[in-house]
Amino acid sequence: MEHTEAADLAQLLRAGPFHLALRAALTARGLPLQRVQHHLAHRGIRVGVTSLCYWQQGARRPQRPESLKAVRALEELLELPRGSLIRLLDGAADTGGTGERGEAARPAARAYRSLVETSGVVERLIADLGLPADGGLHTVGHHERVRIGAERQLVARDSLHVVRAHRDGVDRYVAIHHGDPGCAPDRVVVRAGDNCRTGRVRWHRETGVVVAELLFDARLRAGDTYVFGYGFEDGTGGQSAEYVRGFSFAGGQYVLQVGFHEEALPVRCRRFAQASAGAPRGTRGDLTLSGRHRTVHFVEQGVRPGLLGIGWDWD
C-alpha cells in the first residue's frame with residue numbers, strides 16, 4: 001500500500017463516513033467485490049455483490065444483524081483494526097431491526113448551537129417557517145464557491161449540493177447565509193438553481209442572518225439522493241476576512257473555493273478548522289492563489305461535525 005493511500009485510509013477510519021472508509025479499504029487491498037463475497041460465503045455469511053456495492057457507494061447502510069456480522073468479517077478480511085468499520089455506522093446496530101431498505105441511518109449530529117454564535121437566531125427563524133430542526137437530510141457532497149469583490153466584500157456564494165434523505169417525505173432544504181458585519185439582510189438575494197425553487201425567506205437585521213427555504217422538484221424517500229444548486233448575492237457587508245461553514249453532521253465531501261477580484265488580492269490565505277465557535281482554531285496550512293483565476297480552495301473528504309473555513313489577510 002502506498003504511504004498516501006495508507007494515510008487516507010487511516011483518516012477515513014478515524015473520521016468516516018462508513019462508505020468512503022469501506023471503499024478505501026477495498027481499494028487498498030485490491031479485492032473485487034466478487035472475491036469479497038466469496039470470502040464471506042466461506043465464513044458462512046451470505047451477502048450479495050449488489051449489497052456490497054451499495055454499501056461502498058453510500059446508497060445503503062448495513063443495519064440488519066447479518067449485515068453487521070458481515071461488516072465485522074470485512075474488518076478481518078481487509079486487515080483493519082477491530083471495530084473500525086462498525087463504529088462508523090453511528091449506532092446502526094441499535095436501529096431496532098430496521099433493514100437496509102427501511103429508513104436510512106441518520107448520521108450523528110452536533111447541536112447547531114455549539115457550531116455558530118448566531119445559532120439562536122437561526123433556530124428561531126427556522127421555527128418561524130414551521131419546519132423541524134432536523135430537516136431529514138445529510139450531505140453526501142457539497143461544492144461551494146465564494147466571490148470576494150473589488151471593495152474586499154463578500155459579493156456572492158454559490159453551492160452545488162448533493163444530499164441523502166434519512167426519512168420519507170423530504171421535499172425541501174433550508175439554506176443559511178450569515179453576512180459580514182454591516183450586511184443588510186433585506187437586500188440579500190436568494191437564487192435557486194438546478195432542481196429547486198425558492199420558497200419562504202426570513203432574515204434578522206442585527207446579525208445579518210438570512211434563512212431561505214429551497215423547494216425540491218421531487219419528494220424524497222429514505223435513502224434517496226438529490227442534487228440541487230443555489231446561491232446568495234450579497235455585497236452589502238463590510239470588509240471580509242474569512243468564510244466559515246458549519247457542519248452539524250458527519251460524513252460527505254466538502255469543497256470550498258474562494259475567488260478574489262483582481263483589484264483586491266490578499267497577501268496570505270489559510271485554511272482552518274474548529275470544533276465549535278468558542279473552541280481554539282486549528283490552522284491546517286497556507287493556501288496559494290492560483291494564476292489568472294485568483295482562487296484558493298481545499299477539499300475535505302470526510303467531514304466531521306464542527307467548522308471549516310478559509311481566512312485571509314489584506315495587509
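Participant: Could you clarify how one ought to interpret the overall build of the protein chain in this entry?
Facilitator: Helices and strands together make up the secondary structure of the protein chain, namely six helices and 13 strands. Looking at the 315 residues of the protein chain, the share that counts as buried comes to 48%. Within the protein chain, contacts between residues at least 6 apart in sequence are counted, and of these 71% link residues at least 24 apart. As presented, the protein chain carries roughly 15400 Å² of accessible surface, and 47% of it is formed by carbon and sulfur atoms.

Participant: What is the right way to read the pattern of salt bridges from this model?
Facilitator: Between side chains of opposite charge, pairing is possible as soon as their charged atoms come close. Going through the model one piece at a time under the given rule, you end up with 16 salt bridges. Between Asp-128 and Arg-202 there is a salt bridge; the shortest N-O distance is 2.8 Å. Separated by 74 residues along the polypeptide, Asp-128 in helix α6 (residues 119-128) and Arg-202 in strand β5 (residues 196-204) bring together distant segments of the chain. Owing to a relative accessible area of 48%, Asp-128 belongs among the partly exposed residues under this scheme. Of the charged contacts in the structure, one is a salt bridge between Arg-172 and Glu-213, with a shortest N-O distance of 2.7 Å. Of this pair, Arg-172 sits in strand β3 (residues 170-178) while Glu-213 sits in strand β6 (residues 209-220); the two residues are 41 residues apart in sequence, bridging distant segments of the chain. With a relative accessible area of 27%, Arg-172 lands in the partly exposed category.

Participant: Explain the nonpolar core to me, please; I cannot follow it from the model alone.
Facilitator: Taken as a class, soluble globular proteins show a tendency for nonpolar side chains to be buried jointly. Within the largest apolar cluster, 28 residues are counted, with the highest numbers of intra-cluster contacts made by Phe-18, Leu-22, Leu-40, Leu-52, Trp-55, Leu-74 and Leu-85. Per element, the largest residue contribution to this core is seven residues, and it comes from helix α2 (residues 18-29). Grouped together as the second largest cluster of nonpolar side chains are 20 residues, Phe-247, Phe-260, Val-296 and Trp-312 included.

Participant: Could you clarify how one ought to interpret the environment of Leu-52 in this entry?
Facilitator: One can find Leu-52 in helix α4 (residues 49-57). On a C-alpha basis, the gap between Leu-52 and Ala-70 in space is 9.8 Å, while along the polypeptide they are 18 residues apart. Not counting residues up to four positions away in its chain, the partners in contact with Leu-52 are Leu-33, Val-36, Gln-37, Leu-40, Val-47 and Leu-74.

Participant: Just checking my understanding: could you explain the sheet that holds β5 for this structure?
Facilitator: Within a sheet, each strand pairs with its neighbour through backbone hydrogen bonds, oriented either parallel or antiparallel. In spatial order, the strands read β3-β6-β5; together these three strands make up an open sheet with antiparallel pairing. If you trace the sheet from one side to the other, it starts and ends with β3 and β5, each paired once. Shown here is a sheet whose adjacent strand axes are inclined to one another by a mean of 20°, direction ignored. Where β5 meets β6, seven bridges bridge the pair, whose relative direction is antiparallel. Paired with Cys-196 across the two strands is Phe-216, which belongs to β6.

Participant: What is the right way to read the sheet that holds strand β1 (residues 137-148) from this model?
Facilitator: Read across the sheet, six strands follow the order β4-β7-β2-β1-β9-β12 without closing on themselves; strand pairing throughout is mixed. On the outer flanks of this sheet lie β4 (189-192) and β12 (295-300), each paired with one strand and no other. Taken pair by pair, the neighbouring strands of this sheet meet at an average axis angle of 15°, ignoring direction.

Participant: Can you walk me through the environment of Thr-207 in this structure?
Facilitator: Within the element layout of this structure, Thr-207 appears in the loop between β5 and β6. Classification of Thr-207 as partly exposed rests on a relative accessible area of 22%. In the structure, Thr-207 is positioned 26 residues away from Pro-181 in sequence and 7.9 Å away in space, judged by C-alpha atoms.

Participant: So what exactly am I meant to see when it comes to the packing of aromatic side chains here?
Facilitator: For any pair of aromatic rings, the description rests on two quantities: the centre-to-centre distance and the angle between the ring planes. In total, this model carries 11 aromatic pairs according to the counting rule given. Each ring, one from Tyr-173 and one from Phe-228, has its centre 5.3 Å from the other, and the planes form 55°; the classification is tilted. Here the residue Tyr-173 occupies a position in strand β3, and Phe-228 occupies one in strand β7 (residues 225-233), the gap between them amounting to 55 residues. With relative accessibility at 15%, the residue Tyr-173 sits in the buried group. Look at Phe-228 and you get buried, because its relative accessible area is 0%. A connected cluster of aromatic rings, assembled from ring pairs, spans Tyr-173, Phe-216, Tyr-226, Phe-228, Tyr-230 and Phe-232. For the cation-ring pair, Arg-271 lies above Phe-298, with the distance from its terminal atom to the ring centre recorded as 4.3 Å. Its guanidinium or amino end placed over the ring of Phe-272, Arg-281 lies 3.7 Å from that ring's centre, counting from NZ or CZ.

Thresholds, definitions, all that
- Throughout this document, residue positions are counted from 1 along each chain, in the order its sequence is written.
- Residue-level local features of this predicted model are given only where pLDDT is at least 70; pairs of side-chain atoms are given and counted only at 80 or more, and the full residue set underlies all totals for whole chains, interfaces and linings.
- The basis for the side-chain values is all heavy atoms of the structure; hydrogens and waters are excluded.
- For the purposes of this entry, the term helix denotes a DSSP run of H or I that reaches at least four residues, the term strand denotes a run of E that reaches at least two, and both are numbered from the N terminus.
- Per-residue accessibility, obtained with a 1.4 Å probe over protein chains only, is compared with the maximum for each type, and a residue is labelled buried under 20%, exposed over 50%, and partly exposed between these values.
- Two residues form a contact once any of their heavy atoms are found within 4.5 Å.
- Per-residue and other accessible areas follow the Shrake-Rupley method at a 1.4 Å probe size, with only the shown protein chains counted as cover for residues.
- In the sections that follow, a salt bridge refers to a side-chain nitrogen of Lys or Arg positioned within 4 Å of a carboxyl oxygen of Asp or Glu.
- Among buried residues, the Ala, Val, Leu, Ile, Met, Phe, Trp, Tyr and Cys ones that are joined through side-chain atoms within 4.5 Å form a nonpolar core.
- At least two bridges found by DSSP between two strands are what make those strands a pair.
- As a rule, the C-alpha atoms of each element are fitted with a line to give its axis, helices using only the stretch in contact, and angles between N-to-C directions run from 0 to 180 degrees.
- The aromatic pairing rule takes the rings of Phe, Tyr and Trp, using the six-membered ring of Trp, and pairs them if the centres are within 6.5 Å, calling planes under 30 degrees apart stacked, those over 60 edge-to-face and the rest tilted.
- Ring-over charges, as used throughout, are those where CZ of Arg or NZ of Lys falls within 6 Å of the ring centre and within 35 degrees of the ring normal.

Purely spatial values, then, with no claim about function.
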